[in-house]
Amino acid sequence: MEFNVQQLDRTNLYQLLVGCVLPRPIAWVSTQDLKGVCNLAPFSFFNVMSVNPPLLGISILKQAPERDKDTLANIRLTGELVVNIVSQPLAAAMNASCGAYPADVDEFELAGVAKIDSVTVKPPGVAEAPVRLECALHQCLTFGHGSGAGNLVLAEVKYIHVADGLWRDGALDEQSLQAVGKLGGNRYSLAEAAFTLERPA
C-alpha cells in the first residue's frame, strides 16, 4: 500500500505516523504557572536530543489554534519543567492526567499522585516516579500553524533523581524500571524481551 502524504487528511496522517514510530517513550511533564498552579501531562513525542549539552526533546502539538496547551504555556512563561518517567504502576494515573482540563485543574490531585519538591526548579515532580529529570528551557521551535502544528521544546537537564535500586553496574536496570511506551491508538507497551547486539568497532 502506498500513501501520498499530500492526499491524507490530518487524522489519517497522524494515525499513520504514530503507528510507524513505536514504541515511543513518554515524558510525563510537570510544570507550574506564575500563580503556583501545577500541571501534569504526558507527551509521547519525546527523546534524548543531545548529551553535551544534555538536552531532551518534547514535541507538544497544538490542538486548538487559539491557545497553547497548559504545559507549553507554563514552559514559555517560567522556563522550567520536570520530566517524570512513567513506570507500569503509574500507567493509569498517567492516562488520567492526559485529558483537556481547564488551566486551574491540578492534575496531580486528579491523577492521585503525590508532589515532591525539586532541587533546581520550582515545579514539583511526581513522588512515585522512578526517574525525574529537572529541566530548564533551552529553546522552543515551532513548526506549522493551527491544529497539529508542533512545538519542539528543547529542555536542558539540570538534575536527575533515580529511585534506589534502579542504578546497577553503571546503568539503569530497565527490567526494574518497567518504563511504559506509547503505541498507536490507546495501546501501550513495556520495555520487555530485550536482545543485545554488539556495536561494530
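Residues numbered from 1 in each chain as written. Predicted model: local features only at pLDDT ≥ 70, side-chain atom pairs only at ≥ 80, totals over all residues. Heavy atoms only, no water.

As recorded by an unreviewed UniProt entry, the protein carries the name Flavin reductase family protein and is attributed to Chromobacterium phragmitis. The UniProt entry for the protein carries this comment under Cofactor (unreviewed entry): "FMN". (UniProt positions renumbered as here; feature names shortened; annotations may be inferred.)

S.K.: Whenever I open this one, the sheet that holds strand 5 (residues 54-61) confuses me. Can you help?
M.R.: Note on sheets: strands pair through backbone hydrogen bonds, and any given pair is parallel or antiparallel. The 7 strands are arranged 3-2-6-9-10-5-4 in an open sheet whose pairing can be described as antiparallel. Each end of this open sheet is capped by a strand with a single partner; those strands are strand 3 (38-43) and strand 4 (46-51). When the angles between neighbouring strand axes are averaged without regard to direction, this sheet yields 35 degrees. Note that strand 6 (residues 80-85) and strand 9 (residues 131-143) share 5 bridges and pair antiparallel. By the bridge assignment for strand 9, E80 is matched with A136. (Pairing = 2+ DSSP bridges. Helix = DSSP H or I, 4+ residues; strand = E, 2+ residues; numbered from the N terminus. Axes fitted to C-alpha atoms, helices over the stretch in contact; angles between N-to-C directions.)

S.K.: When you look at the pairing of strand 3 in this model, what are you seeing that I'm missing?
M.R.: It is a general feature of regular strands that their side chains alternate between the two faces of the sheet. Counted residue by residue, strand 3 has 6 buried out of 6 residues, so it is predominantly covered. Along strand 3, one buried face is formed by C38, L40 and P42 and the opposite face, lined by N39, A41 and F43, is buried too. Where strand 2 (residues 27-32) and strand 3 come together, 6 bridges link them in antiparallel fashion. Following the sheet pairing, V29 is matched in strand 3 by A41. (Buried < 20%, exposed > 50% of the residue type's maximum accessible area, 1.4 Å probe, protein only.)

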